[in-house]
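# Survey of secondary and tertiary structure
This is what each chain is made of:
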Amino acid sequence: AQYTVEEGEIVGTSVPNTSNSFLCTEKDYSDFVLELDFKVDPTLNSGIQVRSQSLPDYKDGRVHGYQVEIDPSTRAWSAGIYDEARRGWLFDLKENEAARNAFKQNDWNHVRVVAIGDTIQTWINGVQAADLRDDMTPSGFIALQVHGVGKRTEPLQVRWKNIRLQDL
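These figures come from a predicted structure and were not determined experimentally.

### Focus: the sheet that holds strand 5 (residues 46-53)
If you trace the six strands from one edge of the open sheet to the other, you get 3-12-5-6-7-8, paired in antiparallel fashion. The open sheet has two edge strands, strand 3 (21-24) and strand 8 (88-91), and neither has a second partner. Strand-to-strand, the axes of this sheet are offset by a mean angle of 30°, without reference to chain direction. Where strand 6 (residues 64-70) lies against strand 7 (residues 81-84), four bridges are found, and the strand directions are antiparallel. From the neighbouring strand, Val 68 faces strand 7, where its bridge partner is Ile 81.

If you want it as structure tokens, here you go:
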């Protein structure tokens, strides 16, 4: 994907025939509070990686770890927690109708992530989405993801703004 900055927003734009792309912090974080706003094309899956890693001895450096989902599909699992390139869904929103209904299509959405010890909690637009306890990866980088789009040629975008990170 291509990442640019436009009027204070980070804009991730899909590129045909590329895999998932990540804009990563240079520093690793363990315990933190992350808040940001995002707006996503209704046909583009995306996410926010937390406590993630890219290691040469794991799938040739593929990014893996916890992902706070950005899911504009009718499933609406935004702010659920997916384990990128490892175990899959760790905390979906099948049983959390309030969080699914909190997502605003074609509009800005606010996400809050609190990671302390073995707990990762998420909120979408003020509604608690996930409360995960898992100790597989206690530290790692934070990254903004643009999902691969296969052969689709029209550019799809996700935007992030008002990013605030408190390292605890």
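Back to the text.
### Regarding the packing of aromatic side chains
Applying the stated criterion across every chain, the model contains five aromatic pairs. Summarising the aromatic geometry, the rings of Phe 38 and Phe 103 are spaced 6.3 Å apart at their centres and angled 20° between planes, so their arrangement reads as stacked. Of the two residues, Phe 38 sits in strand 4 (residues 32-40) while Phe 103 sits in the loop between helix 1 (97-102) and strand 9 (109-116), which places them 65 residues apart along the sequence. You'll find Phe 38 and Phe 103 in the same group, each marked buried. Seen from their ring centres, Tyr 82 and Trp 89 are 5.2 Å apart, and the 75° between their planes marks the pair as edge-to-face.

The rules behind each value
Residues numbered from 1 in each chain as written. Predicted model: local features only at pLDDT ≥ 70, side-chain atom pairs only at ≥ 80, totals over all residues. Heavy atoms only, no water. Pairing = 2+ DSSP bridges. Helix = DSSP H or I, 4+ residues; strand = E, 2+ residues; numbered from the N terminus. Axes fitted to C-alpha atoms, helices over the stretch in contact; angles between N-to-C directions. Phe/Tyr/Trp six-rings, centres within 6.5 Å; stacked < 30°, edge-to-face > 60°. Buried < 20%, exposed > 50% of the residue type's maximum accessible area, 1.4 Å probe, protein only.

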